[in-house]
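# Fold and geometry: a report
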Amino acid sequence: MALTAVKGFNDILPEESARWRHIEQTARRVFEQYGFGEIRVPVMEKTELFCRSIGDATDIVEKEMYTFVDKGENSVTLRPEGTAGVMRAFIEHKLYAQDPVARLYYMGPMFRYERPQKGRYRQFHQIGAELTGVTDPLADAQVLHMLTLFFREIGLSEPTLQINSLGCPDCRPAYRAALRSFLEERLGQLCDDCKRRSDTNPLRALDCKVPGCAEATIGAPSVLEHLCTGCHEHFTTVRHYLELSGTPYSINSRMVRGLDYYTRTTFEMVTGLLGSQSAVAAGGRYDGLISQLGGPAIPGIGFAMGVERVALLLGNQDFSTSPDLFIATMGQGERDLAFRLMDGLLKSGFRIEMDYEGKSLKSQMRRADKLKARYSVVIGENEVTGGSASFKRMNDGAKTETALTVDGIVLLLSTTEL
Ligand code: ATP
Ligand code: MG
């Protein structure tokens, strides 16, 4: 039997990966403009890191992690998300020693054992950014502005920004208690997971995708009405800065996020175009995470976007590059000249294609069309003797007689389109 990939693990083929590169390059450009530098951390960490950061009573830790014991009897886990590893590295290398303000971004594969469907896979890819060392709401607004700008630069009007505040260790217990007593009366309507977690992590019910839970939580107390003065002020100031920078947003007081480390500002970029996979990017503030992982008390805020979902939003827009010139040859004798020209032009930085197998002229031209070559030229005996050929610009058929020398062709290919 032919071998196939593991379920939920995808191959990214060239046309698709051209779209991915567009996403990655845009992210690099926008993030670096905001002063973020790339960090590359391992795809595997000690299991304990994720239990301690993401939280025991979350979907990720309870059922989605790729955890196994290695040959040295250590429990290791393929990272289900990026923040934990980045913060582990931040602490391990004391990146805060000179300046607690660090701006880091990452991109790469993440792993979660989920039911595969469109926009949801077991190996998927995230691009994320983290900003540490700033409590000021200005940081929140800047991160949100950067994320919004990214989506604009990539040419998408969807998704749109939703924000919320989850409060802090001072005010969240009161909210949790209010929500717990609200849920207590509706336990019968909740799914088994939410029922079980209603005591330890009642907020999860607000994020549960089971329809019964969504219904049972209609009219649930709002976290925004339980914020302490500090958190309320923080949230108001974030909104103020978003308005100052003209960043459109709406408030979603039911947004809780599937990771326990979030405090205060949380946000999602959501779209109606991907069915129930509506979150394209998500993140928030995590002021307690770094100290929880054994580092100093440094606040942080960050987000991660799902590359597969961003790519789905780009649809089948074509970002692949095409050859500058296709050289067709009539006979074996001309192939030497064509090969020399191709070689020289490749060395000059142009993308050149020619036929490998001495196919008919018609099939060579078909290939030039299919590859969407910018120019094509046919080299026959007359061209070899005359030392020049007619180069056809493929989009409008315009012809230019040009010397069959590397310099001559470079000149032609370098002139900007008329
Ligand atoms: P969802 O609610 O769709 O399960 P999530 O809350 O689990 O998303 P996060 O952990 O916040 O997602 O991850 C950030 C982003 O990563 C998501 O907004 C989504 O775009 C992407 N993502 C998460 N899980 C997957 C997956 N299994 N396959 C593809 N993309 C994913
Ligand atoms: Mg999820």
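These numbers come from a predicted model, not from an experiment. Every chain is numbered independently, its residues counted from 1 as its sequence is written. Chains and ligands are labelled sequentially in the order written, the chains with letters from A and the ligands with numbers from 1. The predicted origin of the model limits local features to residues at a pLDDT of at least 70 and limits the giving and counting of side-chain atom pairs to 80 or more, whereas totals for whole chains, interfaces and linings rest on all residues. Water and hydrogen atoms play no part in the side-chain values, which are based on all heavy atoms of the structure.

## Concerning the environment of valine 238
Counting through the fold element by element, valine 238 comes out in helix H10 (residues 229-244). It is 26 Å that separates the C-alpha atoms of valine 238 and phenylalanine 90, two residues lying 148 residues apart in sequence. Note on definitions: a residue-residue contact is assigned when non-hydrogen atoms from the two residues lie within 4.5 Å. In this view, valine 238 contacts Pro137, Asp140, Ala141, Leu144 and Thr265; residues no more than four positions away in its chain are not counted. Comment: elements are numbered from the N terminus, with helices defined as DSSP H or I runs of at least four residues and strands as E runs of at least two.

## Brief notes about the site of ligand 1
As a matter of local geometry, ligand 1 sits amid 16 residues, with Arg112, Glu114, Arg120, Lys209 and Arg257 nearest to it. Each polar contact in these results corresponds to two N or O atoms within 3.5 Å; when the atoms are within protein, one needs to be able to donate a hydrogen and the other to accept it, and residues that are neighboring in sequence are counted only if both atoms are side-chain atoms. Between ligand 1 and the protein, one listed contact pairs an oxygen atom with a backbone N or O atom of alanine 279 at 3.0 Å. A distance of 2.9 Å separates an oxygen atom of ligand 1 from a polar side-chain atom of arginine 309. Computed by Shrake-Rupley with a 1.4 Å probe, the accessible areas treat only the displayed protein chains as cover when residues are assessed. Look at ligand 1: alone it shows 580 Å² of surface, and the protein chains cover 92% of it. For the shell around ligand 1, the secondary-structure elements that each account for two or more residues are strand E6 (123-132), strand E10 (279-285) and strand E11 (300-306). Any residue with a non-hydrogen atom lying within 4 Å of a molecule or strand is treated as near it.

## A short note on the sheet that holds strand E9 (residues 263-270)
We treat two strands as partners when DSSP finds at least two bridges between them. As summarised here, the arrangement of the 8 strands in space is E1-E5-E6-E11-E10-E9-E7-E8, forming an open sheet in which the pairing is mixed. Of all the strands in the sheet, the pair left with one neighbour each is strand E1 (37-38) and strand E8 (250-251). As paired elements, strand E5 (residues 102-111) and E6 share 10 bridges and run antiparallel to each other. Each bridged residue has a counterpart across the sheet, and for arginine 103 the counterpart in E6 is leucine 131. Set on the sheet, helix H5 (residues 137-153) makes contact with E6, strand E7 (160-165), E9, E10 and E11; between it and E11 the angle comes to about 15°. All axes are obtained by fitting lines to C-alpha atoms, using only the stretch in contact for helices, and the reported angles, taken between N-to-C directions, cover 0 to 180 degrees.

## Focus on the packing of aromatic side chains
The description of an aromatic ring pair rests on the distance of the ring centres and on the angle between the ring planes. What counts as a ring pair is set by centres within 6.5 Å for rings of Phe, Tyr and Trp (its six-membered ring), and what kind of pair is set by the plane angle: stacked under 30 degrees, edge-to-face over 60, tilted for all other angles. Per the counting criterion, the structure on display carries 11 aromatic pairs. Ring centres 5.9 Å apart and planes at 75° place the aromatic pair tyrosine 261 and tyrosine 286 in the edge-to-face group. Of this pair, tyrosine 261 sits in the loop between E8 and E9 while tyrosine 286 sits in the loop between E10 and helix H11 (289-292), and the two are 25 residues apart along the sequence. Here tyrosine 261 and tyrosine 286 have matching classes, each one buried. Any residue under 20% of the maximum accessible area for its type is buried, any over 50% is exposed, and the rest in between are partly exposed; the area is computed with a 1.4 Å probe on protein chains only.

## Some remarks on the environment of alanine 403
Secondary-structure assignment places alanine 403 in strand E16 (residues 399-403). Placed 14 residues apart in sequence, alanine 403 and alanine 389 show a C-alpha to C-alpha distance of 6.5 Å. Contacts of alanine 403, omitting those with residues within four sequence positions, involve Gly387, Ser388, Gly408 and Ile409.

## Description of the pattern of salt bridges
For salt bridges, the criterion is a side-chain nitrogen of Lys or Arg within 4 Å of an Asp or Glu carboxyl oxygen. If you walk through the whole model with that rule in mind, you get 30 salt bridges. In this structure, a network of salt bridges that share partners links the residues Asp59, Glu62, Lys63, Asp193, Arg196 and Arg197.

In short, the description is geometric, and any link to function would need to be established separately.
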